[in-house]
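What follows is each chain in one-letter form.
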Amino acid sequence: MTHNEHIIPNFLLCFFKDQDGKFYYLNKAHKNIGHCSTEHACCIHDAYEIKINFGNGEKDVLCNYIENSLSIRENEYSCLCKKIISVCDNSDNKFALILNRNEKELLAEFVMNLHLRNPNRLSHYKNESYSELKKR
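Keep in mind the model is a prediction, meaning the values are calculated, not measured.

(A) Examining the environment of Leu13 more closely. Of note, Leu13 is situated in helix α1 (residues 10–14). Note on Leu13: relative accessible area 4%, which makes it buried. Separated by 10 residues in the primary sequence, Leu13 and Phe23 have C-alpha atoms spaced 7.9 Å apart. Contact partners of Leu13, with chain neighbours within four places excluded, come to His6, Ile8, Phe23, Thr38, Ala41 and Cys42.

Laid out in structure tokens, this is it:
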């Protein structure tokens, strides 16, 4: 059971680590800059979990259903991002066509995945999970 659920995929955070593997962040509340591993960055405890009270306290239902749904294609997203970066890093590719049609669709899907991970959008995903629960 995953409890620290990333609102930004871990593979994406890794692109922002420094040469020592540190990920830096700005803490606006404390007005300081800190660092942590990407495993602990941009995550919320049980962000995607659905809790229902069956009369004897809240219980988790469909444990990690949303987290797993969001994560299914992340390996493909990661490969696509690495391809885009490698092509764009080469100055000879200034006018290169980077993606084929399927890759463009995958990129659009990746952007939607990021959008759905936004804490402000979680309620929509949770509503879908309630529908899934009713089917069972």
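(B) Focus on the packing of helix α3 (residues 74–89) against helix α4 (residues 101–117). Contact pair α3 / α4: the axes reach a minimum separation of 10 Å and the direction vectors enclose 115°. Relative to α4, α3 is oriented so that their crossing is left-handed. Taking contact as the criterion, the partners of Glu74, Glu76, Tyr77, Leu80, Cys81, Lys83 and Ile84 in α3 are, on α4, Glu103, Leu106, Leu107, Glu109, Phe110, Asn113 and Arg117. Of the residues assigned to the contact of α3 with α4, the class counts are 7 nonpolar, 1 polar and 6 charged.

Calculation criteria
Residues numbered from 1 in each chain as written. Predicted model: local features only at pLDDT ≥ 70, side-chain atom pairs only at ≥ 80, totals over all residues. Heavy atoms only, no water. Helix = DSSP H or I, 4+ residues; strand = E, 2+ residues; numbered from the N terminus. Buried < 20%, exposed > 50% of the residue type's maximum accessible area, 1.4 Å probe, protein only. Contact = heavy atoms within 4.5 Å. Axes fitted to C-alpha atoms, helices over the stretch in contact; angles between N-to-C directions. Left-handed = near helix turned anticlockwise from the far one by under 90°. Nonpolar A, V, L, I, M, F, W, Y, C, P; charged D, E, K, R; others polar.

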